[in-house]
Amino acid sequence: FVDVLIPPSNDVHVGARPSTQCADIAFAWYMLVEKALDDNSRGALSQSDIGQFYDNLPVLAIAEWLAERGVLRQLITALVQIQLCARGVVRIGEAVAEIGVRAKGGLTGSRLAGALARIPAELAASTAHAEIQRNGYKIGQHRIGVALWVDNCFAFGNCLQGAIRIQEVFEKALAESW
């Protein structure tokens, strides 16, 4: 459902969804290195990791965002319950610890948390679109600026400052919106 709510951008690759693999990003990185070397070493790559992204995933804010876009309330309620109200028990030998409900954060590694995590990341990339266009690396008639893999942002810059600028603008958009 995220693909329907957030239109794709030609200069942003979104991984961690059906028909994508980590190798897609590695291939694009390799292609940029080869093209940049042919272009007098103009071009740069950078990578950032959104610290403790799943632990701090704003599930309720995402739920509100989904509701504003007409997603069924019943579906939103189920999403929130699965992410915040799941209980668990951890047993190590004789020791037992119960894990109760949470007020924030997603279930790390769950497919649903991965889908929900795409929303803030893709919206931040959308907000940073003008800078991504300006600083992204042009290959032929296409320009690539960002590749996202859940909590990882890979920037493809036209120079070192361009790659850094993409990361800075992405981080600012993510922090200010979520």
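Residues numbered from 1 in each chain as written. Predicted model: local features only at pLDDT ≥ 70, side-chain atom pairs only at ≥ 80, totals over all residues. Heavy atoms only, no water.

A. A look at the side chain of Asp151. Positionally, Asp151 belongs in the loop between strand 7 (146-149) and strand 8 (152-157). Arg118 provides the closest opposite charge to the buried, unpaired Asp151, separated from it by 12 Å. Setting aside its immediate chain neighbours within four residues, Asp151 contacts Ser48, Asp49, Ile50 and Phe53. (Helix = DSSP H or I, 4+ residues; strand = E, 2+ residues; numbered from the N terminus. Buried < 20%, exposed > 50% of the residue type's maximum accessible area, 1.4 Å probe, protein only. Lys, Arg positive; Asp, Glu negative; His and termini not counted. Salt bridge = Lys/Arg side-chain N within 4 Å of Asp/Glu carboxyl O. Contact = heavy atoms within 4.5 Å.)

B. Region of interest: the pattern of salt bridges. A full pass over the atoms with the stated rule returns nine salt bridges. A salt bridge links Glu176 to Lys172, with the shortest nitrogen-to-oxygen separation between them at 3.9 Å. Pair noted here: Glu176 and Lys172 are both in helix 7 (residues 160-177), with a separation of four residues, about one helical turn. Each member of the salt-bridge network shares a partner with another, and the members are Asp3, Arg17, Arg118 and Glu122.

C. Main features of a nonpolar patch on the surface. A contiguous nonpolar surface patch, about 280 Å² in accessible area, is contributed by Val90, Ile92 and Ile99. Relative to the helices and strands, Val90 is located in strand 3 (residues 88-92). (Patch = residues over 30% accessible without salt bridge, like charges linked within 9 Å, V, L, I, M, F, W, Y side chains within 5 Å. Areas by Shrake-Rupley, 256 points an atom, 1.4 Å probe, with all protein chains shown as cover.)

D. Looking closely at the nonpolar core. Membership of the largest hydrophobic core comes to 51 residues, with the highest contact counts inside it found for Leu66, Ile119, Leu148, Phe156 and Phe170. Examining the composition of this core, we find that nine residues originate from one element, helix 5 (residues 111-127), more than from any other. (Core = buried A, V, L, I, M, F, W, Y, C linked by side-chain atoms within 4.5 Å.)

E. Up close: the sheet that holds strand 7. With mixed pairing, the four strands of this open sheet are ordered in space as 1-7-8-2. The sheet is open, and its two borders are formed by strand 1 (12-14) and strand 2 (44-49), each paired with just one other strand. Direction aside, the axes of adjacent strands within the sheet are offset by 15° on average. Inspection of the sheet shows strand 2 paired to strand 8 by six bridges, in the antiparallel sense. In the strand pairing of strand 8, Leu45 is matched with Phe156. Of the strands in this sheet, strand 2, strand 7 and strand 8 touch helix 7, which is tilted by about 145° from strand 8. (Pairing = 2+ DSSP bridges. Axes fitted to C-alpha atoms, helices over the stretch in contact; angles between N-to-C directions.)

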